[in-house]
Amino acid sequence: MEKYLINPNQKISHINKDIYGHFAEHLGRCIYEGIYVGEDSKIPNINGMRCDVVNALKDMGIPVLRWPGGCFADEYHWKDGIGPKEDRKKMVNTNWGGVVEDNSFGTHEYFELCSQLGCDTYINGNVGSGTVGEMNEWVEYMTFDGVSPMAQLRKKNGREKPWKIKYFGVGNESWGCGGNMDPEFYGCLYKQYNTFVRDYNSDAKIKRIACGPNVDDYHWMREVMDKVKHKAQGISLHYYTIPGDTWENKGSATEFSKNDYYKTIARAYRIEELINNHIAVMDSINPQKWVQLIVDEWGTWYDVEPGTNPGFLYQQNTMRDAMVAALTLNVFNKHSDRIMMANIAQTVNVLQAMILTDAEKMVLTPTYYVFKMYKDHQENTLLGSYITSDTIDSKEAGRAFPQLIESASIDDAGIIYATVANTSADTASEIKCQIADTKVKSVYAQIISGDIYDKNDFDKDELVNICEFHDFEITDDGFTAKIPPCSVVKFVIE
Ligand code: AHR
């Protein structure tokens, strides 16, 4: 029997709701078809946004949405996406399939979407191929309330009042698709561009995000942190879980062996090591901790579904993805003292999506249900907690990881939420949970579980969902439970 200790006296950090954030790029069928179908579509919509998708994302508790990219952000010229749709410039989406981008979804549509979702905004600016003036004018267009050329233009386009930008990214992957820069160069450029990201609203200052490293590029983190530490509130890390050993052969989303499953989990769990190491570098340069870590691209990345456009990054989603999401979100919770936001890639029809669509049909993925289950952690306080666990060794990945990965938080009413992921493909785990200085009155639990291959698909009954979980017994100071293999269980304790 494994021991699970939760200490409500040890209140560690605030879990920013934006850790549960999302990312929607002009990539494949994420924005177009997946979210935005246009007002004339037969698919029920409000101002062009699909009602089914918007309602599902609201129900899941989407707190913030990053847009317009990704690599697309560094080729995006915002003025092409405002004004009458028929006059908007068409462009080629060079990064993603070479398709025509008609710019019918632009700045106004993005804010309309966020308003329908009730979520905060995260805009990624163009450093790679845009000018300082262009970025300056975009921020003026979006946020200035006085008399100015850009504020007038916004009003002419039908929006009187400015919008609020919560986060603004100064470039994306500037080490790669965003310009192939060296960190020293990007750090200087960040300072220049950032100077012109003006705060027009002193009550709602924009949180600026510098482009951080890819995976384990600690040199990038060190150099950029050194340059931006006085001028950024966040620095971003990108880490994708790829089961294959090359980008040409990443592996299938649905056809995989048990070893592939463990390799995927082992690689996903690497996020813990990356976060610890990057935070150590950040702290060595900025011990005052002014700059927070942002993980604004993460998730699984497989070969595209057979027969689909390779540039569209469309992949299915199984219980394997649910386990990746559950363990990653537990790790993020545990580091909520330094992680301000994270954005899984991407919301609809791209990579580890929450939702898949096929014309008017919609499927909610196993990953969607993990986010929905975990939404109770948003804005809670992380508690000290520890679980004993067997270790699973993935020889293929050359890495080991715990069978049980958990986190626990408490809300303002004193209710404790504990989420426990059992990453074993076939072995249940019995746990005995003890909660310090607490007389437990009630426990309610939910589970997402299945075979590692289980998925939800179009025209089939939904296989993966959140169900009530009853395989536990309340004790004086906690509970005992048997956690099934390949499952994530949430305990709600009063
Ligand atoms: O999410 C897909 C792509 O992955 C993004 O556009 C880019 O930033 C990253 O390389």
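Notes on the structure follow. (Residues numbered from 1 in each chain as written. Predicted model: local features only at pLDDT ≥ 70, side-chain atom pairs only at ≥ 80, totals over all residues. Heavy atoms only, no water.)

**Here's the deal with the overall build of the chain**
Okay, so step 1: Counting its regular elements, the chain contains 9 helices and 26 strands.
Okay, so step 2: Taken over C-alpha atoms, the radius of gyration comes to 22 Å for the chain, in line with the 23 Å a tight globule of 494 residues would show.
Okay, so step 3: Sequence separation of 24 or more characterises 75% of the internal contacts of the chain that already satisfy a separation of 6 or more.
Okay, so step 4: By element, 48% of the accessible surface of the chain is carried by carbon and sulfur atoms, the whole surface being about 18,600 Å².
Okay, so step 5: Of the charged side chains in the chain, 50 are positive and 70 negative; the average position of the first set lies 5 Å away from that of the second. (Helix = DSSP H or I, 4+ residues; strand = E, 2+ residues; numbered from the N terminus. Rg over C-alpha atoms; globule rule 2.2 N^0.38 Å. Contact = heavy atoms within 4.5 Å. Areas by Shrake-Rupley, 256 points an atom, 1.4 Å probe, with all protein chains shown as cover. Lys, Arg positive; Asp, Glu negative; His and termini not counted. Charge placed at Lys NZ, Arg CZ, Asp CG, Glu CD.)

**A closer look at the site of the ligand**
Okay, so step 1: In the neighbourhood of the ligand, 13 residues make up the surrounding shell, with E25, C71, E173, Y240 and E297 lying closest.
Okay, so step 2: In the environment of the ligand, an oxygen atom lies 2.8 Å from a nitrogen or oxygen atom belonging to the backbone of C71.
Okay, so step 3: Measuring from an oxygen atom of the ligand, one finds a side-chain N or O atom of N172 at 3.1 Å.
Okay, so step 4: Along the lines of polarity and charge, the residues of the shell around the ligand split into 7 nonpolar, 3 polar and 3 charged. (Near = heavy atom within 4 Å. Polar contact = N/O pair within 3.5 Å; in protein donor to acceptor, adjacent residues only side chain to side chain. Nonpolar A, V, L, I, M, F, W, Y, C, P; charged D, E, K, R; others polar.)

**Remarks on the packing of aromatic side chains**
Okay, so step 1: One pass over the full model with this rule turns up 30 aromatic pairs.
Okay, so step 2: Ring centres of Y110 and F111 lie 5.3 Å apart, and the angle between their planes is 70°; this geometry places the pair in the edge-to-face category.
Okay, so step 3: Among the residues examined, Y110 registers a relative accessible area of 0% and is labelled buried.
Okay, so step 4: In this structure, R66 packs its charged tip against the face of F23, placed 4.5 Å from the ring centre.
Okay, so step 5: Over the aromatic face of F256 sits the side chain of R320, whose NZ or CZ is 3.7 Å from the ring centroid. (Phe/Tyr/Trp six-rings, centres within 6.5 Å; stacked < 30°, edge-to-face > 60°. Buried < 20%, exposed > 50% of the residue type's maximum accessible area, 1.4 Å probe, protein only. Lys NZ or Arg CZ within 6 Å of the ring centre and 35° of its normal.)

**Thoughts on the packing of helix α8 (residues 319–334) against helix α9 (residues 366–374)**
Okay, so step 1: Where α8 contacts α9, the two axes come as close as 7 Å, and the packing angle between them is 30°. Judged by the inter-axis angle, α8 sits roughly parallel to α9. For α8 against α9, the interelement crossing comes out right-handed. Only P366, T367, V370, F371 and Y374 of α9 make contact with α8, whose side of the interface consists of M319, D321, A322, A325, A326, L329 and N330.
Okay, so step 2: Here the residues of the contact of α8 with α9 are counted per class, giving 9 nonpolar, 2 polar and 1 charged. (Axes fitted to C-alpha atoms, helices over the stretch in contact; angles between N-to-C directions. Parallel < 35°, antiparallel > 145°, perpendicular 65-115°, else oblique. Left-handed = near helix turned anticlockwise from the far one by under 90°.)

**Some remarks on the sheet that holds strand β2 (residues 21–23)**
Okay, so step 1: Here we have 8 strands rolled up into a closed barrel, ordered β2-β5-β8-β9-β10-β11-β12-β13, and parallel in their pairing. Put simply, the sheet's adjacent strands are angled 25° from each other on average, direction ignored.
Okay, so step 2: Here strand β5 (residues 64–67) pairs with strand β8 (residues 120–125) via 4 bridges, running parallel. Paired with L65 across the strands is T121, a residue of β8. (Pairing = 2+ DSSP bridges.)

**Looking at helix α5 (residues 183–195)**
In an α-helix there are 3.6 residues to a turn, and that puts residues three or four apart on one side.
Okay, so step 1: Compared with an ideal rise of 1.5 Å per residue, which puts 13 residues at 18 Å, α5 spans 18 Å between its outermost C-alpha atoms and is within 8% of the ideal.
Okay, so step 2: Residues P183, Y186, G187, L189, Y190, Y193 and N194 constitute the buried set of α5. Across the axial projection of α5, the buried residues extend over an arc of 165°, all falling on one side.
Okay, so step 3: The inward-facing, buried residues of α5 contact α3 (132–143), β9 (167–170), β10 (207–210) and α6 (218–228). (Expected span 1.5 Å × (residues − 1). Arc of directions from axis to C-beta.)

**A closer look at the packing of α3 against helix α4 (residues 149–156)**
Okay, so step 1: Interaxial distance between α3 and α4 falls to 8 Å at its minimum, and their mutual angle equals 55°. The angle between α3 and α4 places the two elements in the oblique class. Read as a crossing pair, α3 and α4 show a hand that is right-handed. Counting all contacts with α3, which are made through E137, E140, Y141, M142 and T143, the residues of α4 involved are P149, M150, A151, L153 and R154.
Okay, so step 2: Taken together, the residues that form the contact of α3 with α4 break down as 6 nonpolar, 1 polar and 3 charged.

**What about the sheet that holds strand β1 (residues 2–14)?**
Okay, so step 1: One open sheet holds the 10 strands; their spatial order is β23-β22-β26-β20-β19-β16-β1-β21-β25-β24, and the pairing between them is mixed. A strand with exactly one partner marks an edge of an open sheet, and here the two such strands are β23 (467–468) and β24 (472–475).
Okay, so step 2: Here 5 bridges tie β1 to strand β21 (residues 429–435), and the two strands are oriented parallel to one another. Of the residues in β21, the one forming a bridge with Y4 is C433.

**Description of the pattern of salt bridges**
Here the idea is simple: oppositely charged side chains can pair when their charged atoms come close.
Okay, so step 1: Tallying each qualifying case throughout the model produces 30 salt bridges.
Okay, so step 2: The salt bridge involving K263 is made with D245; its shortest N-O contact spans 3.4 Å. One end of the pair, K263, is in helix α7 (residues 258–285); the other, D245, is in the loop between β11 (234–241) and α7, and 18 residues separate them in sequence.
Okay, so step 3: The class for D245 is exposed, based on a relative accessible area of 60%.
Okay, so step 4: Of the charged contacts, one joins K439 and D476 as a salt bridge, the two residues approaching to 3.6 Å between their closest N and O atoms. Remark: D476 occurs in the loop between β24 and β25 (478–483) and K439 occurs in the loop between β21 and β22 (443–449); sequence separation between them is 37 residues. Here the two residues K439 and D476 agree in accessibility, since each one is exposed. (Salt bridge = Lys/Arg side-chain N within 4 Å of Asp/Glu carboxyl O.)

These figures come from the coordinates and say nothing about function on their own.
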